[in-house]
Every structure is written in C-alpha cells, then in structure tokens.
Amino acid sequence: KAGVTQTPRYLIKTRGQQVTLSCSPISGHRSVSWYQQTPGQGLQFLFEYFSETQRNKGNFPGRFSGRQFSNSRSEMNVSTLELGDSALYLCASSSGTAAYEQYFGPGTRLTVT
Amino acid sequence: QKEVEQNSGPLSVPEGAIASLNCTYSDRVSQSFFWYRQYSGKSPELIMSIYSNGDKEDGRFTAQLNKASQYVSLLIRDSQPSDSATYLCAVYGAGNNRKLIWGLGTSLAVNP
C-alpha cells in the first residue's frame with residue numbers, strides 16, 4: 001500500500017506571495033491533518049479534513065486555509081507569506097475512526113525570503 | 001500546564017542499555033496514546049500506540065500506560081545507535097478537543 005505523498009518537497013517563496021501544498025493520503029483513509037513544524041515549537045496543528053469537511057482547526061491566522069477533495073486528496077494554502085511561515089509542513093493521513101493512528105508524509109520544506 | 005509534557009533531554013544512554021522516555025498529559029478523559037520517532041530532517045513515524053492501562057510490547061519497544069497517573073512511557077530495550085532520534089508523545093483528546101495533542105519531544109542519543 002502506498003504511503004502518504006506530499007508535493008512539492010521543497011519550495012522557496014518571497015514575502016507576500018502565496019503557496020499551495022498538496023497531500024495524497026493512504027488509499028482508503030478519509031482524514032487528512034496538516035501540521036507546521038519549526039525548531040523549538042514542535043508540531044503545531046493547522047487543521048483536519050474528513051470527508052471533504054473541516055473537522056478541527058488549530059490557532060493559525062486566516063491566511064492558512066485548506067480543502068479536501070472527493071478522492072481525499074487535500075491542499076493547504078498560505079496567502080501573503082511572512083518570513084515566520086518558513087517551516088516544515090507535514091500532512092498526516094488517518095482512517096478517521098476512533099483508533100486515530102496518523103501516518104505522515106515526507107513533508108514540504110517551505111522557505112520564505 | 002502544557003497539555004502533553006515530555007522531558008526535552010537530551011537523554012543519553014550507552015548502546016545495549018534500556019532507554020526510558022516519559023510523557024504526562026492533562027486531559028483525564030484521553031483514550032488513545034501514541035509514540036512517534038522522528039529522525040533529524042525526516043517526518044514522524046508511528047512506532048507504538050496504546051489504548052488500555054498496562055504494558056504493550058512490540059519487539060524492543062514497550063509502551064506503558066497509567067491513566068490514573070496520566071502517564072505514558074516508552075521503553076527501548078537493547079538500545080542501538082540507530083535509535084538516536086527525537087521521540088514524540090501524542091495524546092488523542094476528547095470532548096471539544098478531539099485531535100492529537102503533541103509533546104515537544106525527547107531527544108535520545110545512543111552512544112556506541
């Protein structure tokens with residue numbers, strides 16, 4: 001069974017630009033969660049989508065948004081990029097049921113200059 | 001008080017020893033608990049999940065859960081240099097907090 005895939009793997013953007021990241025979950029998984037990881041801050045939860053609906057949301061500004069398609073693939077968008085948005089963005093796939101085990105993709109390393 | 005707390009380390013153990021990693025959580029009604037391993041520059045990898053009080057063993061790894069004390073631990077027996085990584089504890093919240101709550105991780109160094 002194929003794992004979680006994320007594209008692109010690396011990205012360099014300029015302040016003020018916007019960016020879209022993509023995540024394809026494990027086949028059969030209906031839940032996709034997004035995280036931001038920076039040194040010293042740990043994993044910060046952005047949001048979770050389940051069956052095309054946002055099921056939970058973290059404490060990030062409205063510049064961070066996401067969506068999920070009918071095939072469970074998910075995209076995350078960040079508008080008006082700031083230097084502080086430089087981070088590793090991780091997508092995690094889960095069946096979405098009570099067990100709630102999450103499996104991570106390799107991540108997208110975003111650098112904002 | 002942070003919702004999930006871990007000692008940041010670094011925890012240093014000699015090769016072949018037992019490494020003991022600890023995690024405490026604040027939400028008393030949490031039901032699901034996970035340990036992830038993250039190598040430098042890589043994404044977290046699920047290594048253990050535990051849902052009931054007691055011990056759960058998988059190879060060299062043992063997870064221990066004590067819900068009364070709100071404490072979950074990970075033991076790594078016969079530690080190898082390849083076990084050197086950051087270990088993240090995650091707890092699935094309940095009620096209005098139904099998401100994984102993460103600790104900041106404990107850095108483990110296994111010395112040959």
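## Considering the overall build of chain A
For chain A, the helix and strand inventory stands at 0 helices and 11 strands. Moving toward the C terminus, one meets the helices and strands of chain A in the order β-β-β-β-β-β-β-β-β-β-β. Over its C-alpha atoms chain A spans a radius of gyration of 13 Å, differing by no more than 12% from the 13 Å that the globule rule assigns to 113 residues. Each of the three principal axes of chain A carries a C-alpha extent, and together these read 40 × 30 × 25 Å. Taken across its 113 residues, chain A has 50% of its residues classed as buried. Contacts in chain A between residues at least 24 apart in sequence constitute 54% of all its contacts with a sequence separation of at least 6. Of the roughly 5300 Å² of accessible surface on chain A, a fraction of 48% belongs to carbon and sulfur atoms. On chain A, the mean spot of the 11 positive side-chain charges and the mean spot of the 6 negative ones are 4 Å from each other.

## Some words on the side chain of Arg63(A)
Residue and element names in this part refer to chain A. Secondary-structure assignment places arginine 63 in the loop between β6 (53–57) and β7 (64–68). Side-chain polar atoms of arginine 63 contact the backbone oxygen of threonine 80, separated by 3.1 Å. Among all residues touching arginine 63, those that are not within four sequence positions of it are Asn77, Val78, Ser79, Thr80, Leu81, Glu82 and Asp85.

## Considering the pattern of salt bridges
Within this structure, the stated rule accounts for 8 salt bridges over all chains. A salt bridge links Arg63(A) to Asp85(A); the nearest nitrogen and oxygen atoms lie 2.8 Å apart. Linking Arg63(A) in the loop between β6 and β7 with Asp85(A) in the loop between β8 (74–78) and β9 (87–94), this pair joins segments that are 22 residues apart in sequence. The exposure class assigned to Asp85(A) is buried, which follows from its relative accessible area of 4%. Between Arg37(B) and Glu45(B) there is a salt bridge, and its shortest N-O distance comes to 3.0 Å.

## Brief notes about the environment of Arg77(B)
All names here are of chain B. Mapped onto the elements, arginine 77 comes out in the loop between β8 (71–76) and β9 (85–92). Considering only alpha carbons, one finds arginine 77 and alanine 94, 17 residues apart in sequence, at a separation of 32 Å. When sequence neighbours within four positions are dropped, the list of residues in contact with arginine 77 reads Ala17, Ile18, Glu57, Gly59, Arg60, Phe61 and Thr62. One polar contact links arginine 77 to threonine 62, side chain to side chain, over a distance of 2.6 Å.

## Regarding the sheet that holds β7(A)
Residue and element names in this part refer to chain A. Read from one edge of the open sheet, 4 strands run β1-β3-β8-β7, paired in antiparallel fashion. Pairing within the sheet leaves two strands with one partner each, and these edge strands are β1 (5–7) and β7. On average, each strand axis in the sheet is tilted by 20° relative to the strand beside it, whichever way the strands run. Where β7 meets β8, 5 bridges bridge the pair, whose relative direction is antiparallel. Across the sheet, residue arginine 67 finds its bridge partner in β8, namely glutamate 75.

## Quick look at the pairing of β8(A)
All names here are of chain A. For β8, a buried count of 5 out of 5 residues is recorded, marking the element as mostly surrounded by other parts of the structure. What you see with β8 is no split at all: Ser74, Met76 and Val78 on one side and Glu75 and Asn77 on the other are buried throughout. Relative to β8, strand β3 (residues 19–24) runs antiparallel, the two sharing 5 bridges. If you follow cysteine 23 over to β8, its bridge partner there is serine 74. Here β7 folds back onto β8, and the loop between the two strands holds 5 residues, one of which, serine 72, carries a positive phi near 80°.

## Things to note about the sheet that holds strand β3 (residues 19–25) of chain B
Residues and elements named next belong to chain B. The strand order across the open sheet formed by 5 strands is β1-β3-β8-β7-β6, and the pairing between neighbours is antiparallel. At either end of the open sheet lies a strand with only one pairing partner, and these are β1 (4–6) and β6 (54–58). The mean inter-strand angle of the sheet, taken between neighbouring strand axes irrespective of direction, is 20°. Strand direction decides the pairing type here: β3 and β8, joined by 6 bridges, are antiparallel. Note that in β8 the partner of cysteine 23 across the bridge is valine 72.

So, how was this worked out
- Residues numbered from 1 in each chain as written.
- Chains lettered and ligands numbered in written order.
- Predicted model: local features only at pLDDT ≥ 70, side-chain atom pairs only at ≥ 80, totals over all residues.
- Heavy atoms only, no water.
- Helix = DSSP H or I, 4+ residues; strand = E, 2+ residues; numbered from the N terminus.
- Rg over C-alpha atoms; globule rule 2.2 N^0.38 Å.
- Buried < 20%, exposed > 50% of the residue type's maximum accessible area, 1.4 Å probe, protein only.
- Contact = heavy atoms within 4.5 Å.
- Areas by Shrake-Rupley, 256 points an atom, 1.4 Å probe, with all protein chains shown as cover.
- Lys, Arg positive; Asp, Glu negative; His and termini not counted.
- Charge placed at Lys NZ, Arg CZ, Asp CG, Glu CD.
- Polar contact = N/O pair within 3.5 Å; in protein donor to acceptor, adjacent residues only side chain to side chain.
- Salt bridge = Lys/Arg side-chain N within 4 Å of Asp/Glu carboxyl O.
- Pairing = 2+ DSSP bridges.
- Axes fitted to C-alpha atoms, helices over the stretch in contact; angles between N-to-C directions.

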